[in-house]
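A look at the structure
So you can see what is in the structure, the chains are spelled out below.
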Amino acid sequence: MTMNKAPQTSIHSQRLHRRIEELAQIGKIGETGVCRLALSKEDRAGVELVMSWMEEAGMSARIDPFGNLIGVLQGRNPEAPVLMLGSHVDSQPYGGRFDGAIGVLGAIEAVQTMKENGFVPAMNIEAVAFCDEEGCRFNKGLFGARGMTGKLEEGELERADKNGITRRQALLAFGCDPAAFEGYTFEEGRIAAFLELHIEQGPVLEALGAPVGIVTGISGPLWWTVEMTGFAGHAGSVPMPMRRDALVGCAKVIVALDELARREPGAPTVGTVGSLTVFPDSRNIIPEKVSFTVDLRDIELGRRDERERELRSVIDKACAEHGLRYTIREDTNSEPRYCSEWLKDVLRSEAAALGLTPPELMSGPFHDSLTMSYVCDYGMIFVRCKDGISHNPEEYASPEDISLGAELLYRAALSIASGKGDG
Ligand SMILES: [Zn+2]
């Protein structure tokens, strides 16, 4: 895709970038990094700042019991199914400034531009910052989106973080009341469509020289927590044949997962062990217990299922070999979810009006959209990011590219909310 000159944008780019910068100051690590763990003090401060911008944009804003921040722009028919825009503002412990943030601030910018231009949408528009998209703190993501759409599972409030703080305690400290979950039901059909702007978090758009892309679907992840148990002993005295070393068993699984994910060259399969806890964690004690996470993804569910079966047999074999017991807890298991055709059409034609022909691509990472896909039509816009780096303080997307993405979000929302297609 080539572009001779930057197209005129209707949104207020400077305001958008000022807000991105300002939000990045909260929980700032190093020069460019961010740590705003879900339901932390930093997260709360971020949410409050974003809330003030929602009000400035002409929305009424509130935080729901699940910790979601929701801003509402009144439409001509408040009874009609709403158009929802948004993403998240929580981050990884070692995260960047743009992941999630541009989707929330882009949504606010879109609404504020409408308001300033005197546009009244056909239906209410809701701009949302979903709670705990990342899932790193309680080992299960998309909490706010699943809460809002009535998809929470048994025991979620009892999940604890590394410091033993449960989700229930964290929600209470955040100012939310988990008691309000009782009796909450999602009103089917209340959301007409959901649009999310997000950085790509991968290298595809950059390789194609394209500032923005249209997402075709999201390949859902399989998340496990695996626990292997052997027997502790003195590192200096227990002879090798007598050992039941849980960490050695675990090491074999880590290597095997990497090999399984690489097996088919060119396939988008990815496998990661990103978190490991060793007990008793001492240099001269044989590791007795190891708990680690598994993240396995593929756009083709059949291939992912096959890799999953193989990984299970690797775990079984490694444990037999080293005299270990094991448990596998499945934390998340999502199938691929595809974006709706009519929203892709809207995005294509609005992009064309901007002089763009965005490439279309699948998303390996999951997003709030994954959850929303179960209750409404959804569409996603990706913004090019440098070297595909994300979940890292070095994450970078240029202001020009972000502005283009936000402009496309604005124009698509304007088209949907003008109500031309009613009837
Ligand atoms: Zn994100």
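Residues numbered from 1 in each chain as written. Predicted model: local features only at pLDDT ≥ 70, side-chain atom pairs only at ≥ 80, totals over all residues.

Helix and strand counts for the chain stand at 11 helices and 16 strands. A compact globule built from 423 residues would reach a C-alpha radius of gyration of about 22 Å, and the chain, at 23 Å, matches this within 12%. Summarising its shape, the C-alpha atoms of the chain cover approximately 80 × 50 × 45 Å along the three principal directions. Counting all 423 residues of the chain, 45% fall into the buried class. Across the chain, every contact between residues at least 6 apart in sequence was considered, and the portion connecting residues at least 24 apart equals 78%. (Helix = DSSP H or I, 4+ residues; strand = E, 2+ residues; numbered from the N terminus. Rg over C-alpha atoms; globule rule 2.2 N^0.38 Å. Buried ≥ 20, exposed ≤ 12 C-beta atoms within 10 Å, placed from the backbone. Contact = placed C-beta atoms within 7 Å.)

Residue placement: leucine 276 occurs in strand β11 (residues 276-279). Since 13 C-beta atoms lie within 10 Å of it, leucine 276 is described here as partly exposed. It is 5.8 Å that separates the C-alpha atoms of leucine 276 and serine 291, two residues lying 15 residues apart in sequence. Among all residues touching leucine 276, those that are not within four sequence positions of it are Val290 and Phe292.

Another point: the environment of alanine 24. With respect to the element layout, alanine 24 can be found in helix α1 (residues 13-24). In this structure the C-alpha to C-alpha distance between alanine 24 and glutamine 92, which are 68 residues apart in sequence, comes to 13 Å.

Bringing the nonpolar core into the picture now. Formed by 88 residues in total, the largest nonpolar core has its most connected members in Leu83, Leu85, Ala110, Val111, Leu409 and Ala413. The element contributing the most residues to this core is helix α11 (residues 399-417), with 10 residues. Each residue touching valine 111, except ones within four places of it in the same chain, is listed here: Ala57, Met59, Leu73, Ile125 and Ala127. By size, the runner-up hydrophobic cluster in this structure holds 19 residues, among which are Trp224, Phe292, Ile315 and Leu324. (Core = buried A, V, L, I, M, F, W, Y, C linked by C-beta atoms within 7 Å.)

Once that is clear, we can look at the domain arrangement of the chain. Domains assigned within the chain are domain 1 (13-219 + 336-417) and domain 2 (221-333). For domain 1 and domain 2, the distance between their C-alpha centroids amounts to 33 Å. At the interface, 7 residues of domain 1 touch 10 residues of domain 2. Looking at the side of domain 1 that touches domain 2 residue by residue, the class counts come to 3 nonpolar, 3 polar and 1 charged. (Domains from an automatic or database assignment. Nonpolar A, V, L, I, M, F, W, Y, C, P; charged D, E, K, R; others polar.)

The amide bond that connects phenylalanine 279 to the next residue, proline 280, takes the cis arrangement and shows omega of 0°. Among the secondary structure elements, proline 280 is positioned in the loop between β11 and β12 (289-297). The phi dihedral of asparagine 139 falls on the positive side, at around 60°, and the residue is not glycine. Within the element layout of this structure, asparagine 139 appears in the loop between β6 (125-130) and α4 (143-148).

We now examine the packing of helix α9 (residues 341-353) against α11. Packing of α9 against α11 brings their axes to within 9 Å, and their N-to-C directions diverge by 120°. As summarised for this structure, α9 and α11 are arranged oblique, according to the angle between their axes. The two elements α9 and α11 meet at a crossing, and its hand is right-handed. Note on element contacts: α11 touches α9 through Leu408, Arg411, Ala412, Ser415 and Ile416, opposite Val346, Leu347, Glu350, Ala351 and Ala353. (Axes fitted to C-alpha atoms, helices over the stretch in contact; angles between N-to-C directions. Parallel < 35°, antiparallel > 145°, perpendicular 65-115°, else oblique. Left-handed = near helix turned anticlockwise from the far one by under 90°.)

The next point concerns the packing of α1 against helix α3 (residues 101-116). Relative orientation of the contacting elements α1 and α3 amounts to 140°, with a least axis distance of 10 Å. Classified by the angle between their axes, α1 and α3 sit oblique to one another. Regarding α1 and α3, the two cross each other, and that crossing is right-handed. Residues Arg15, Leu16, Arg19, Ile20 and Leu23 of α1 pack against Ala101, Ile102, Leu105, Gly106 and Glu109 of α3. For the contact of α1 with α3, the class distribution of residues is 6 nonpolar, 1 polar and 3 charged.

Turning our attention to helix α7 (residues 246-262). Here α7 contains 17 residues, and its C-alpha end-to-end distance of 25 Å stays within 8% of the 24 Å for a straight helix at 1.5 Å per residue. Taken together, the buried positions of α7 are occupied by Ala246, Gly249, Cys250, Val253, Leu257 and Ala261. In an axial view of α7, the angular spread of the buried residues amounts to 100°, which keeps them on one side of the axis. Across α7 from its buried face, at more than 90 degrees, point the exposed residues Glu259 and Arg262. (Expected span 1.5 Å × (residues − 1). Arc of directions from axis to C-beta.)

Further remarks concern helix α8 (residues 301-322). Look at α8: 31 Å from first C-alpha to last across 22 residues, which is about the 32 Å you get at 1.5 Å a residue. Within the span of α8, buried status applies to Arg304, Arg307, Leu311, Ile315, Ala318 and Cys319. Buried residues of α8, viewed axially, fall in a sector of 110°; they line one side. Those residues of α8 that are exposed and angled more than 90 degrees off the buried face are Gly302, Arg309, Ser313, Asp316, Ala320 and Glu321. Each element contacted by the buried residues of α8 is listed here: β9 (221-229), α7, β12 and β13 (325-333). Taken from the residues just after α8, glycine 323 is the one with a positive phi, measuring 65°.

This part covers the environment of leucine 195. Here leucine 195 lies in strand β7 (residues 191-199). Residues leucine 195 and leucine 343, 148 residues apart in the sequence, show an inter-C-alpha distance of 8.5 Å. In contact with leucine 195, not counting residues within four places along its chain, are Leu85, Gly379, Leu409, Ala412 and Ala413.

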